[in-house]
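# Tertiary structure, described
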Amino acid sequence: MILWLVYFSFSVIIKLVKCQYLWRFTFSFNSGTDKATPKFKILQLQVKRALHNAPQPGPFTYVVQCMYIIPLLGKTYAEGFSHMLISSLRHFKSVKSGQKDFLDAKRLAARLILDIVASIVPHEERILVKLLEAFDIELRDMAHALYGSDSDEDLVKAREHLKQYVQCLMESESYVTAVNLITRFSIQCCDESFLTKLIENNHFEAAEKWAVFMGKEMICLIIQTYLDTKMLKRANELVKQHDLTEEFPDVNYLYKESVLKKLAEKGCWDIAEVRAKKETKLMEYLVYLAMEAGYMEKVEELCQQYSLEGYVNSLVPEEICCGPDYLDLKKLVLEDIIWVDEIDGLLNAISYIEACKIIGVDCEWKPNFQKGSKPNKLYEDDPKVLDSCFRRIMCSSNILKLGYNLQCDLHQLSQSYGELKCFQSYEMLLDIQKLFKGATGGLSGLSKKILGAGLNKTRRNSNWEQRPLTQNQKEYAALDAVVLVHIFHHVKGQPQFGVTEGCKVEWKSHIVSRVKNSRSPSRF
């Protein structure tokens, strides 16, 4: 019987090994990824069919027996195949004929888990946890596997046996596996210092699971820890889940404030306004954030809409922290600024631009937060003139066009202007972003690094389809293009400029002399 089992098991495993070329595209367990892909699902279906058609014993017993053999494949494939076999069992739990086999296999699985714990069968800890979950292993199953019975005395001995293993896991810093065993078998062996270790190692879900197991006092402790470290979202979720509003009355409001602050920092003011849901205190906080960011037109808009003038007047100027110094368009542009909003003005502007050797290109769009929605369309006042004007600039080999993440802007222009032919090809493009691959913080961060001050991005997600645009909107949009030119002048004086630490590259090598669009400019 044992020889037949080994032979039959290997016959299945060898077939799976033959699929290893497919497996490499399906899994990347070494990097910690176990997300099922369509190819994995196809393999999993084949395993289900094999298990369904397998002779006695049933699929659950058969998988446990296979788990003793799979480690012979080596670390490269053992965890992946084990995961696939265990996950395939979910199908059989709902099948009536498999229920008896499941009960019989539980004790075999408990014995296997003990062999894994004792390092007799070399499976990864993640597989041990999956076995516990798949077979719903209880303490009585472990006691029966250890002592042949599940008497009260044997249950105590089994728990003590597992407690020793948990302590070994904690010494080796395998905290997540330890928590799984602690909570499953009700093992009392840790104090609040264990909670600290879990949080310090970013095992937040395990920390919460252990805190819930320990009871209300430990749940309150982890909530307070989250509050102290500004992890307000997790704190708020725990307060709601365990009905602890009385103990932590301010957490929900603090969390809402933190959400508004993050949205404001991203320039998503309209979304922030919706999230405030007309709650007076939150609306006042949003006004405060707008004032702090220097976004006075938003302050005025909110005050008029929600009658908050009294709140603004009550604020002492010193209460509003002075934000960082930002670049000022008027200080960067030495000549008069000409705003173009009609065809004649555009024609004059194009003639002026054609005399320039270097220009900055930047586009602003009405924010669109719906996934899969169509791109915004721009108003085509005179398609032929627009096409001619854009072609004279974008297809000129005499003008170097600078951008930051330029391919995105070009793609948006191409989509928004529909069938204009001027976007079918471009000449002389330089994406500043590619010169500074290691830089963080976007164009504002790069500006601060190169020019000593960043860009005020509070108006980034304002409504760019409204007419007329506000003066602040126009200056914001122009500044992004102007900064590109200033950054370029700083770089061009250096034949070589460091892209990343320890690596230098000639900036001229990043100029794209010509690119054909074919509605996919993201290739350049």
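Structure report, in brief. Fair warning: this is a prediction, and the values are worked out from it, not measured in the lab.

Right, let's get into the packing of helix H10 (residues 152-171) against helix H11 (residues 175-185). Across the interface, H10 lies against H11 with an axial gap of 8 Å and an inter-helix angle of 160 degrees. Between H10 and H11, the interaxial angle falls into the category roughly antiparallel. Between H10 and H11 lies a crossing of left-handed hand. Touching Arg159, Leu162, Tyr165, Val166, Leu169 and Met170 of H10 are Tyr175, Thr177, Ala178, Leu181, Ile182 and Phe185, all from H11. Here the residues of the contact of H10 with H11 are counted per class, giving ten nonpolar, one polar and one charged.

Turning our eyes to something else, we now look at the pattern of salt bridges. As a working rule, side chains carrying opposite charge can pair if their charged atoms are close by. The final tally for this structure, using the stated rule, is 16 salt bridges. The partner of Lys157 in a salt bridge is Asp154, and the shortest N-O contact between them spans 3.5 Å. Residue Lys157 and its partner Asp154 are located together in helix H10, separated by three residues, close to a single helical turn. Note on Asp154: relative accessible area 9%, which makes it buried. Residue Asp270 is joined to Lys298 by a salt bridge in which the shortest nitrogen-to-oxygen separation is 3.2 Å.

On the surface, a cluster of positive charge is made up of Lys233, Lys262, Lys266 and Arg460. By the secondary structure assignment, Arg460 is in the loop between helix H26 (442-451) and helix H27 (471-492). For Arg460, a relative accessible area of 31% puts it in the partly exposed group.

Our next topic: helix H17 (residues 269-276). Taken together, the buried positions of H17 are occupied by Trp269, Ala272, Glu273 and Ala276. Projected down its long axis, H17 carries its buried residues within an arc of 100 degrees, all on one side. Elements that come into contact with the buried residues of H17 comprise helix H16 (251-265), helix H18 (280-292) and helix H19 (296-306). Looking one or two places after H17, you find Lys277, whose phi comes out positive at around 50 degrees.

Glancing now at the nonpolar core. Counting residues in each nonpolar core, the largest one holds 102 residues, and the members touching the most others are Phe135 and Ile223. Summarising the domain contributions, this core has at least three residues from each of domain 1 (1-137) and domain 2 (253-315). With residues near it in sequence (within four places) discarded, Phe135 still touches Phe60, Val64, Leu89, Phe102, Ala105, Lys106 and Ala109.

What follows deals with the state of the cysteines. Here the structure, examined in full by the defined rule, presents zero disulfides. The thiol of Cys408 is not disulfide-bonded; the next cysteine sulfur, from Cys363, is found 8.9 Å away. Take Cys408: its relative accessible area is 39%, and that puts it in the partly exposed class.

Strand order in this open sheet of four strands is E1-E2-E3-E6, and the pairing throughout is mixed. The open sheet has two edge strands, strand E1 (358-360) and strand E6 (512-516), and neither has a second partner. Here the strands of the sheet are splayed against their neighbours by 45 degrees on average, with no regard to which way each runs. Strand contacts of helix H23 (residues 383-394): E1, strand E2 (400-403) and strand E3 (425-431), with the helix running at about 50 degrees to E3, the strand carrying the most contacts. Those strands touched by H27 are E1, E2 and E3, and its axis lies near 135 degrees from that of E1.

A word on the pairing of E3. Remark: a regular strand shows side chains that alternate across the two faces of the sheet. Within E3, five of the seven residues are buried, which leaves the element mostly enclosed by the surrounding structure. Both E2 and E3 contribute to a ladder of three bridges, which runs parallel. Across the sheet, residue Leu402 finds its bridge partner in E3, namely Leu430. Of the crossover connections in this fold, the one passing from E2 over helix H24 (residues 406-416) to the parallel E3 is right-handed. Looking at chain direction, E3 and E6 are connected through four bridges and run antiparallel. When the bridges of E6 are listed, Leu429 appears paired with Val512.

Quick notes on the rules
Residues numbered from 1 in each chain as written. Predicted model: local features only at pLDDT ≥ 70, side-chain atom pairs only at ≥ 80, totals over all residues. Heavy atoms only, no water. Axes fitted to C-alpha atoms, helices over the stretch in contact; angles between N-to-C directions. Helix = DSSP H or I, 4+ residues; strand = E, 2+ residues; numbered from the N terminus. Parallel < 35°, antiparallel > 145°, perpendicular 65-115°, else oblique. Left-handed = near helix turned anticlockwise from the far one by under 90°. Contact = heavy atoms within 4.5 Å. Nonpolar A, V, L, I, M, F, W, Y, C, P; charged D, E, K, R; others polar. Salt bridge = Lys/Arg side-chain N within 4 Å of Asp/Glu carboxyl O. Buried < 20%, exposed > 50% of the residue type's maximum accessible area, 1.4 Å probe, protein only. Patch = residues over 30% accessible without salt bridge, like charges linked within 9 Å, V, L, I, M, F, W, Y side chains within 5 Å. Areas by Shrake-Rupley, 256 points an atom, 1.4 Å probe, with all protein chains shown as cover. Lys, Arg positive; Asp, Glu negative; His and termini not counted. Charge placed at Lys NZ, Arg CZ, Asp CG, Glu CD. Arc of directions from axis to C-beta. Core = buried A, V, L, I, M, F, W, Y, C linked by side-chain atoms within 4.5 Å. Domains from an automatic or database assignment. Disulfide = S-S within 2.5 Å. Pairing = 2+ DSSP bridges. Right-handed = clockwise from strand over helix to strand, strands pointing away.

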